[in-house]
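# Descriptive structure summary
Here is what each chain is made of, one letter per residue.
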Amino acid sequence: MNTRINRAPSRKLRLMGEFSQDYMLALHAFLQAEIQQQKIIYPPAKQWVSARNTTPFHQVQVVIRGQDPEHGEHHAHGLCFSVPPSIKIPPSLINIYKELQNDLDIPPAQHGCLSHWAQQGVLLLNSVLTVEQGLAASHQNKGWEHFTDAIIAQINEHTEHTVFILWGGYAQKKGTRIDGRKHLIIKAPHPSPLSVYRGFFNGRYFSRSNAYLTQHGKTPIDWALPDLNTAIKQYEQIQSIE
């Protein structure tokens, strides 16, 4: 499995041992079999751990946890809720942009690429890191959940005053072991059109995150996304480090 993790930074936070665990060997075998059957898997292999590579542990300030990659053609690129700049903005992200405007009066971006957030310390981590084209949730329960849970566990244990934004029941269930005494945990319904009106709007996730970071001497996130041309350049930068 050609997953390359940027080893920069924080030696206390070790993940390389995960690759020798039984669950990861089984996941490797599953993915290899899928590839040999010529199934189309998203995102491309070099982007499977994009979230971890783009936002190293020592830079993490905010964690937003998703569930599965987008299964549409070329939609997924390793950051949850994000799509490449050339792809139509997904419905859930449209709702996130609406809330961002309600919260901080930031107009919706004209693209769906969230690389700008990731490069500032927003870990955009799906629980499952791959999917078969056109088959939502097709790679659930194959092993990725153990790996991404290990990432969250390391951040929980070895950082302080990190913001965890948990949208939807799945993310909240995955966040039950986060220590609310040393981190800020923000919970709300998922921004999907199927659940957004159950209370997602008016949650002020972005201003609350920045207020908490500022309170604890950290740099707030610039949530305003750049124009399309800049987003394309940022997206290309991420591809170059993977």
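Preceding this paragraph is the structure being described.
### Quick look at the overall build of the chain
- When helices and strands are counted, the chain shows eight helices and six strands.
- Mapped from its N terminus to its C terminus, the chain presents α and β elements in the order α-β-α-β-α-α-β-β-α-β-α-β-α-α.
- Taken against the 2.2 N^0.38 rule, which gives 18 Å for 242 residues, the C-alpha radius of gyration of the chain at 17 Å falls within 12% of a compact globule.
- In terms of principal-axis extent, the alpha carbons of the chain reach across some 50 × 40 × 35 Å.
- Counting the 242 residues in the chain, one finds 53% classified as buried.
- Sequence separation of 24 or more characterises 69% of the internal contacts of the chain that already satisfy a separation of 6 or more.
- As displayed, the chain has an accessible area near 11,500 Å², and 49% of this comes from carbon and sulfur atoms.
- Taking the average location of the 23 positive side-chain charges in the chain and that of its 19 negative ones, the two points are 5 Å from each other.

### So, the packing of aromatic side chains
- For the structure on display, the rule yields 13 aromatic pairs.
- Both rings, one in Phe19 and one in Phe147, keep their centres 5.5 Å apart while their planes meet at 55°; by these two values the pair is tilted. Linking Phe19 in the segment before α1 (22-36) with Phe147 in helix α5 (residues 144-158), this pair joins segments that are 128 residues apart in sequence.
- By relative accessible area, Phe19 is classed as partly exposed at 22%.
- These aromatic residues form a ring-pair network of at least three members: Phe81, Trp117, Trp167, Tyr197, Phe200, Phe201, Tyr205, Phe206 and Trp223.

### With respect to the packing of α1 against α5
- At a closest axis distance of 9 Å, the pairing of α1 and α5 adopts a crossing angle of 130°. The pairing of α1 with α5 is recorded here as oblique in orientation. Touching Tyr23, Met24, Leu27 and Leu31 of α1 are Trp144, His146 and Phe147, all from α5.
- Residues of the contact of α1 with α5, tallied by class, amount to six nonpolar, one polar and no charged.

### What about the pattern of salt bridges?
- One pass over the structure, following the stated rule, counts four salt bridges.
- Asp149 is the salt-bridge partner of Arg65, the closest N and O atoms lying 2.9 Å from each other. Of this pair, Arg65 sits in strand β2 (residues 62-66) while Asp149 sits in helix α5, placing them 84 residues apart in sequence.
- One salt bridge connects Lys174 with Asp149, and the closest N-O pair in it is separated by 3.0 Å. Of the two residues, Lys174 sits in helix α6 (residues 169-174) while Asp149 sits in helix α5, which places them 25 residues apart along the sequence.
- Several salt bridges converge on common partners, so that one network encompasses Arg65, Asp149 and Lys174.

### Considerations on the sheet that holds β2
- Taken together, four strands build an open sheet; the order of strands is β3-β2-β5-β6 and the sheet is parallel. The sheet is open, and its two edges are formed by β3 (122-126) and β6 (184-188), each paired on a single side. When strand polarity is set aside, the average angle formed by the axes of neighbouring strands in this sheet is 20°.
- Sheet strands in contact with helix α7 (residues 205-215) are β2, β5 (163-167) and β6, and its direction is about 160° off that of β5.

### So, the pairing of β3
- Most of β3 sits out of view: five of its five residues are buried.
- Across five bridges, β2 lies against β3 in parallel orientation. Its bridge partner lying in β3, Ile64 is registered against Leu124.

### As for the nonpolar core
- If you look at the biggest cluster of nonpolar residues, it comprises 61 residues, and the most contacted ones within it are Val62, Ile64, Trp117, Leu124, Trp167 and Trp223.
- No other element matches the six residues that α5 contributes to this core.
- Sequence-distant contacts of Trp117, defined by excluding residues within four places in its chain, comprise Ile96, Leu100, Val122, Leu124, Phe206, Asp222, Trp223 and Leu225.

### Quick look at the side chain of His139
- Along the chain, His139 falls in the loop between β4 (131-132) and α5.
- Judged by its relative accessible area of 1%, His139 is buried.
- In this structure the side chain of His139 is engaged in a polar contact, spanning 2.7 Å, whose partner is the side chain of Thr130.
- Not counting residues up to four positions away in its chain, the partners in contact with His139 are Phe30, Leu31, Glu34, Ile41, Val128, Thr130, Val131 and Glu132.

### A short note on unusual backbone geometry
- Omega for the bond connecting Tyr42 with Pro43 falls within 30 degrees of zero, at -10°, which places this linkage in the cis form.
- For Pro43, the location among the structural elements is in the loop between β1 (41-42) and α2 (50-54).
- A positive phi angle is found at His74, which is not glycine, with a value near 65°.
- Mapped onto the fold, His74 is located in the loop between β2 and α3 (91-104).
- Note on His74: relative accessible area 49%, which makes it partly exposed.

Conventions used here
- Residues numbered from 1 in each chain as written.
- Predicted model: local features only at pLDDT ≥ 70, side-chain atom pairs only at ≥ 80, totals over all residues.
- Heavy atoms only, no water.
- Helix = DSSP H or I, 4+ residues; strand = E, 2+ residues; numbered from the N terminus.
- Rg over C-alpha atoms; globule rule 2.2 N^0.38 Å.
- Buried < 20%, exposed > 50% of the residue type's maximum accessible area, 1.4 Å probe, protein only.
- Contact = heavy atoms within 4.5 Å.
- Areas by Shrake-Rupley, 256 points an atom, 1.4 Å probe, with all protein chains shown as cover.
- Lys, Arg positive; Asp, Glu negative; His and termini not counted.
- Charge placed at Lys NZ, Arg CZ, Asp CG, Glu CD.
- Phe/Tyr/Trp six-rings, centres within 6.5 Å; stacked < 30°, edge-to-face > 60°.
- Axes fitted to C-alpha atoms, helices over the stretch in contact; angles between N-to-C directions.
- Parallel < 35°, antiparallel > 145°, perpendicular 65-115°, else oblique.
- Nonpolar A, V, L, I, M, F, W, Y, C, P; charged D, E, K, R; others polar.
- Salt bridge = Lys/Arg side-chain N within 4 Å of Asp/Glu carboxyl O.
- Pairing = 2+ DSSP bridges.
- Core = buried A, V, L, I, M, F, W, Y, C linked by side-chain atoms within 4.5 Å.
- Polar contact = N/O pair within 3.5 Å; in protein donor to acceptor, adjacent residues only side chain to side chain.

Note that all results are geometric; they support no functional claim without further evidence.
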